[in-house]
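Examining the three-dimensional arrangement
So the chains spell out like this:
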Amino acid sequence: MESIYIESTPKTPLVRFDEEKGVVEIKGRSIPENSIEFYKPLVDWLDIYAKSPLVKTIVNVQLEYFNTSSSKCILDVFKKLEGIHKSNHEVVINWYYEEDDEDMLEAGEDYESIIRVPFKMIEIVD
Amino acid sequence: MSKGDVLIAYKGSITSELINDVLDAVEKKLEDVNEEGKTRKKLYNVLVESLQNLYHHIEETHEGIEEDLDPKFGVLVITRENAEYKVSTGNFINSAKIKYLKEKIDKINSLSRDELKDMYKFILNHQKLSAKGGGGLGLVDIARKTGSKLTYSFYNYNNNYYFFNLEIKI
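Quick summary incoming for the structure in this document.

Reading the values: rules and limits
- Residues numbered from 1 in each chain as written.
- Chains lettered and ligands numbered in written order.
- Predicted model: local features only at pLDDT ≥ 70, side-chain atom pairs only at ≥ 80, totals over all residues.
- Helix = DSSP H or I, 4+ residues; strand = E, 2+ residues; numbered from the N terminus.
- Buried ≥ 20, exposed ≤ 12 C-beta atoms within 10 Å, placed from the backbone.
- Contact = placed C-beta atoms within 7 Å.
- Core = buried A, V, L, I, M, F, W, Y, C linked by C-beta atoms within 7 Å.
- Nonpolar A, V, L, I, M, F, W, Y, C, P; charged D, E, K, R; others polar.
- Pairing = 2+ DSSP bridges.
- Right-handed = clockwise from strand over helix to strand, strands pointing away.
- Axes fitted to C-alpha atoms, helices over the stretch in contact; angles between N-to-C directions.
- Parallel < 35°, antiparallel > 145°, perpendicular 65-115°, else oblique.
- Left-handed = near helix turned anticlockwise from the far one by under 90°.

1. With respect to the overall build of chain A
- When you go through chain A residue by residue, the secondary structure sums to three helices and six strands.
- Going residue by residue from the N terminus, the α and β elements of chain A occur as β-β-β-α-β-α-β-α-β.
- Looking at chain A residue by residue over its 126 residues, the buried ones come to 38%.
- Contacts spanning at least 24 positions in sequence make up 68% of the contacts within chain A whose residues lie at least 6 apart.

Structure (structure tokens):
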């Protein structure tokens, strides 16, 4: 399995999935009209990674904006990570949000309550 | 249609490129006037959702509509009056879809903040994305983030079509 690295665009985030380090990163804006097209390869990658994950997987999600089309795909990503957590592998989820962005903090809390893996909420202060 | 300063007024095809252009233009304007971060984000989110709602749901055929219209015809007006922004969108809608849409908006408008959160989470967790990428979450998200009621009107155009106008306050 190869690692994934995708540069950000105005409508899609930077993605770095590193299987050697066990790091999963999504950063930037996720507002494509059709999010399935963008996220399917990522979910497929996690499916394979979940079969023999590292002892510890670190997940960094730092989104400035995401649309509701992406929100479902992001949940699919988290559900794969929940599966890894359930198979007794450590999964650390860091959810970053900008100072005063209560909507983004709340979005993280929504995901946390659905997938039942603890999130670490990290406020980015300028 | 609206009072106050007009930031953007557009009518024509709602394409992916148009959405990019509008988002860019609005982002620049908000930076120029030094708008507060919170308001900027909320307005940006509302614009993404409302434009993508148009993009996904616009009727592509306009049977019996006389004017020579673009296939994905829609209207967008963004105004600012005092400290409040208003996003107004318009599009033709098949008469058969009015009942569903009206019930959906009325339902959303009747919910409290916590109930909207529960509705959002329920749809997020239980409904599949359509092939077009829409998920039925856009209006719920808009209501949740703005904390204001959605205002709408349907104007009868002919037997088959109404013109649907949606107004969102930020």
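2. Focus: the overall build of chain B
- Helix and strand counts for chain B stand at five helices and five strands.
- When its helices and strands are written in sequence order, chain B yields β-α-α-β-β-α-α-α-β-β.
- Out of the 170 residues in chain B, the part that is buried amounts to 28%.

3. Remarks on the nonpolar core
- In terms of nonpolar packing, the biggest core is built from 54 residues, with Leu42, Val77 and Leu81 of chain A together with Val46, Leu47, Leu51 and Val87 of chain B touching the most fellow members.
- For this core, the leading source of residues is helix α2 (residues 37-57) of chain B, giving seven residues.
- When residues no more than four places from it in sequence are discounted, the contact partners of Val87 of chain B are Val46, Leu47, Ser50, Ile78, Ile168 and Ile170 of chain B.

4. Considering the interface of chain B and chain A
- Of the residues lining the interface, 22 residues belong to chain B; the matching set on chain A comes to 18 residues.
- Elements with a contribution of two residues or more to the side of chain B that touches chain A: α1 (16-32), α2, α4 (113-126) and α5 (138-146) of chain B.
- The leading source of residues in the side of chain B that touches chain A is α2 of chain B, at nine residues.
- The residue inventory of the side of chain B that touches chain A, partitioned by class, reads six nonpolar, 10 polar and six charged.

5. Some points on the pairing of strand β4 (residues 56-66) of chain A
All names here are of chain A.
- Sheet topology note: the strand β3 (residues 23-30)/β4 ladder contains eight bridges and is parallel. Across the sheet, the residue bridging to Arg29 is Tyr65, located in β4.
- On the question of chirality, the crossover connecting β3 to the parallel β4 by way of helix α1 (residues 35-49) is right-handed.
- Taken together, the seven bridges between β4 and strand β5 (residues 90-98) define a ladder with parallel strand orientation.

6. Some thoughts on the packing of helix α2 (residues 68-86) of chain A against helix α3 (residues 102-115) of chain A
Residues and elements named next belong to chain A.
- Where α2 meets α3, the axes come as close as 10 Å, and the angle between the chain directions of the two elements is 45°. Considered as vectors, α2 and α3 are oriented oblique to each other. Note on packing geometry: the crossing formed by α2 with α3 is right-handed. Contact residues: α2 offers Leu75, Phe78, Lys79 and Glu82, while α3 offers Tyr111, Ile114 and Ile115.
- Tallied by class, residues from the contact of α2 with α3 come to five nonpolar, no polar and two charged.

7. As for the packing of α1 of chain A against α2 of chain A
Residues and elements named next belong to chain A.
- Two elements in contact, α1 and α2, have axes separated by 9 Å at closest approach and are oriented at 0°. Accordingly, the angle class assigned to the pair α1 and α2 is roughly parallel. Facing Ser35, Ile36, Tyr39, Leu42, Val43, Leu46 and Asp47 of α1, the residues of α2 in contact are Ser69, Ser70, Cys73, Asp76, Val77 and Lys80.
- For the contact of α1 with α2, the residue count by class is seven nonpolar, three polar and three charged.

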